[in-house]
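The lines below spell out each chain.
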Amino acid sequence: MPDTRGLIDRQLEADLAAVTGPAHVLVDSDLRRPYEVDWTRRFSGPSRMVVRPGTVAEVSQVIRLLAGRDVPLVLQGGNTGLVGGSVPGQPDPGRGAPVILSTSRLSGLGPVDSVSAQVTAGAGVTLARLQAAAHSAGLAFPVDLAARDSATVGGMIATNAGGLHVLRYGPMRAQVLGVEAVLADGTVISRLSGLVKDNTGYDLSQLVVGSEGTLAVVTAARLRLVGEKPQRIVVLFGLPDTTSALAVVDIFRRKIDGFQAAELFYDEGMELVIEHGSLSRPLADRHPCYLTVEIASLEDPTPSLMSALEDLDVPDTATAVAIDAIGAERLWAYRERHTETVSALGVPHKLDVTLPVSSLADFEKEVRREVASVHPGARLILWGHAGDGNLHVNVIGPAADDEGVDDAVLHLVASMHGSISAEHGIGRAKTRWLHLSRSDSEIATMRALKFALDPGDILNPGVLLTDQRLTAD
Ligand code: FAD
Ligand code: MLT
Ligand code: ZN
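Residues numbered from 1 in each chain as written. Chains lettered and ligands numbered in written order. Predicted model: local features only at pLDDT ≥ 70, side-chain atom pairs only at ≥ 80, totals over all residues. Heavy atoms only, no water.

What to know about the confidence of the model for the protein
Mean pLDDT for the protein: 96, with 98% of residues reaching 70 or above. At the level of individual helices and strands, the protein shows its lowest average pLDDT in helix α16 (residues 468-472), which scores 44, and its highest in helix α5 (residues 153-159), which scores 99. Predicted confidence for residues 469-473 stays below pLDDT 50, and this span has six contacts to residues more than four positions away or in other chains. (pLDDT = per-residue confidence, 0-100. Helix = DSSP H or I, 4+ residues; strand = E, 2+ residues; numbered from the N terminus. Contact = heavy atoms within 4.5 Å.)

Take a look at the structure:
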């Protein structure tokens, strides 16, 4: 019996190598492995091979080659996504394992245009590199998140990443002036002119933002920059509860112009981070709740900070303040190290939800009750972006494939009129629960769009929408 699959794959490897060069087609299992497991270690699946095209023309050729043979593709940038969308799932019984398309070589970064405050970046450019380029021109990129050294422009667009500064500048979507992308049939669409006003029909670039690699491969983007705000103050509050944290956010929003981050976490997270990172305690005592606040402006923000603090009427509050870069980094560590610390404890179930800000304090109490009742003994670590009503619910204890806690928490969120994903996306992790946040008509419209652009379900099958092929019947 001839090994048909082996023969087909060898031919595919040779054809892809003719496009990208053999060094950029990885077939060896040791070389493929890092691309097949996600950052959380909860999601993984086999691939046939990994291909790393270096130009938009190569991406187009690769996609034509694969679509012509009905081979599915998984798109991968920095592989820091937290919902399993960047790695293969179980192989499709009919089509076999997918090819992973890595955007790591699409790393061209154009000159910063300081007059328009814009830059064109390849999909594989990391956030840290983009931030450094903006900084060297006296500007800043408005989105920031702790995975900055690995997360890429393409991945951040595909997930509509949020991060630490959403309350001031909005998420990734608000920074995207246009994208260059390759569709599932290899067609290239390009909107990189950077025109701020351009009402000439459907905004295809914005359609791709948040589509999680299901509609097109982003190859480059024209991005908005903002003026750098060198005067920065970071304050860490120790507080009695979530309601007090929201009171701080309320006053800061009203009174402080350069208010740009309000990050919430709790005693259990703080203690873990201190222990895991061997950090010193930032405040003299422990507190049930913490809030890291950042203000950045052109002028010294101290007077408006003092005035906001005078208006604050919250008992049992302690503060630590940083006015220089080293101090700021030190205070930020208690919040930013939550993700790595929790992953060091085990493989977490990561649920990233938003609630109306006015329900956040109730949700925090309810979710603690719910998790304790569904999985007694589970460790629950909560943190998030208080200004956006976004809480990250991390649960350690249930096995990776035990979805009891996920189901209970996401239903609780829906019952309180929240969304099952604030910023990480649906990926493979939450497709089952999409109906909790989107109506049947919305899901049908999303399927229609997917089917119109990718009728063969070549791009990221099983991510965001499932059973795509059924739509065609
Ligand atoms: P990947 O993980 O490679 O991919 C993510 C998704 O995008 C996948 O579905 C993939 O198929 C698709 N994709 C990737 N590249 C492309 C492309 N070029 N074209 C089309 N589709 C593509 N997220 C936040 O929103 N806010 C945070 O504050 C935040 N903090 C984080 C902190 C840590 C420590 C970590 C590990 C992650 C954090 N994340 C956060 C999650 C993650 O960094 C973001 O989702 C980020 O946008 C993913 O970028 P990436 O390049 O790693 O994409
Ligand atoms: C965060 O805000 O820390 C990120 O979204 C990552 C995470 O939830 O682990
Ligand atoms: Zn987050």
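Here we look at helix α13 (residues 360-374)
Given a rise of 1.5 Å per residue, 15 residues ought to cover 21 Å, and the 21 Å separating the end C-alpha atoms of α13 matches this to within 8%. Of the residues making up α13, those classed as buried are Leu360, Ala361, Phe363, Glu364, Val367 and Val371. Taken around the axis of α13, the buried residues stretch over an arc of 160°, which confines them to a single face. The outward face of α13, more than 90 degrees from its buried face, is lined by the exposed residues Arg369 and Ser373. Considering only its buried residues, α13 is in contact with α8 (242-255), β12 (259-266), β15 (349-354), β16 (379-385), β17 (390-396) and α14 (404-415). (Expected span 1.5 Å × (residues − 1). Buried < 20%, exposed > 50% of the residue type's maximum accessible area, 1.4 Å probe, protein only. Arc of directions from axis to C-beta.)

What to know about the pairing of strand β3 (residues 73-76)
Neither face of β3 is left uncovered, since the one carrying Leu73 and Leu75 and the one carrying Val74 and Gln76 both have all their residues buried. Judged from the four bridges that link them, β3 and strand β4 (residues 99-102) form a sheet pairing that is parallel. Across the sheet, Leu73 pairs through a bridge with Val99, a residue of β4. (Pairing = 2+ DSSP bridges.)

Some details on the site of ligand 1
Taken together, 36 residues lie around ligand 1, and Leu75, Gly77, Thr80, Gly81 and Thr152 are the ones closest in. At a separation of 2.7 Å, an oxygen atom of ligand 1 approaches a polar backbone atom of Gly77. Look at ligand 1: alone it shows 980 Å² of surface, and the protein chains cover 96% of it. Where the shell around ligand 1 is concerned, the elements lending two or more residues are β3, α5 and β9 (217-224). (Near = heavy atom within 4 Å. Polar contact = N/O pair within 3.5 Å; in protein donor to acceptor, adjacent residues only side chain to side chain. Areas by Shrake-Rupley, 256 points an atom, 1.4 Å probe, with all protein chains shown as cover.)

A short note on the coordination of the zinc ion (ligand 3)
Only His385 (NE2), His392 (NE2) and Glu423 (OE) from the protein reach the zinc ion (ligand 3) as donors, at distances of 1.8 to 2.1 Å. Read N to C, the donor residues that coordinate the zinc ion (ligand 3) are spaced as H-x6-H-x30-E. One exposure class covers both His385 and His392, and it is buried. (Donors = N, O, S within 2.8 Å, 3.2 Å for Na, K, Ca; no water.)

A few points about the pairing of strand β5 (residues 118-122)
Burial analysis of β5 places four of its five residues in the buried class, the great majority of the element. Sheet topology places β5 next to β9; five bridges connect them, and they run antiparallel. Its bridge partner lying in β9, Ala121 is registered against Ala221.

A short note on the pattern of salt bridges
This structure, assessed with the given rule, holds 27 salt bridges. Here Arg368 and Glu364 are joined by a salt bridge, their closest N and O atoms 2.6 Å apart. Separated by four residues within a single helix, Arg368 and Glu364 lie in helix α13, roughly one turn from each other. Among the salt bridges present, the one from Glu442 reaches Arg438, with a minimum N-O distance of 3.4 Å. Among the ionic contacts, a cluster of salt bridges with common partners joins Asp267, Glu271, Arg281 and Arg286. (Salt bridge = Lys/Arg side-chain N within 4 Å of Asp/Glu carboxyl O.)

Thoughts on the site of ligand 2
In the vicinity of ligand 2, the contacting residues are Leu82, Arg335, Thr339, Lys350, Trp383, His385, His392, Glu423 and His424. Separating an oxygen atom of ligand 2 from a side-chain N or O atom of Lys350 is a distance of 2.8 Å. In the model, an oxygen atom of ligand 2 is placed 2.7 Å from a nitrogen or oxygen of the His424 side chain.

Digging into the sheet that holds β16
Strand order in the open sheet made by the seven strands is β14-β11-β13-β12-β16-β17-β15, with antiparallel pairing throughout. Unpaired on one side and paired on the other, β14 (318-322) and β15 mark the two borders of the sheet. Going from strand to strand, the sheet's axes swing by 15° on average, the running direction of each strand aside. Here β15 pairs with β17 via six bridges, running antiparallel. Counted as the bridge partner of Val353 is Leu391 from β17. Strands in contact with helix α11 (residues 325-336) are β11 (231-239), β12, β13 (289-297), β14, β16 and β17; relative to β11, the strand with the most contacts, it is inclined by about 40°. (Axes fitted to C-alpha atoms, helices over the stretch in contact; angles between N-to-C directions.)

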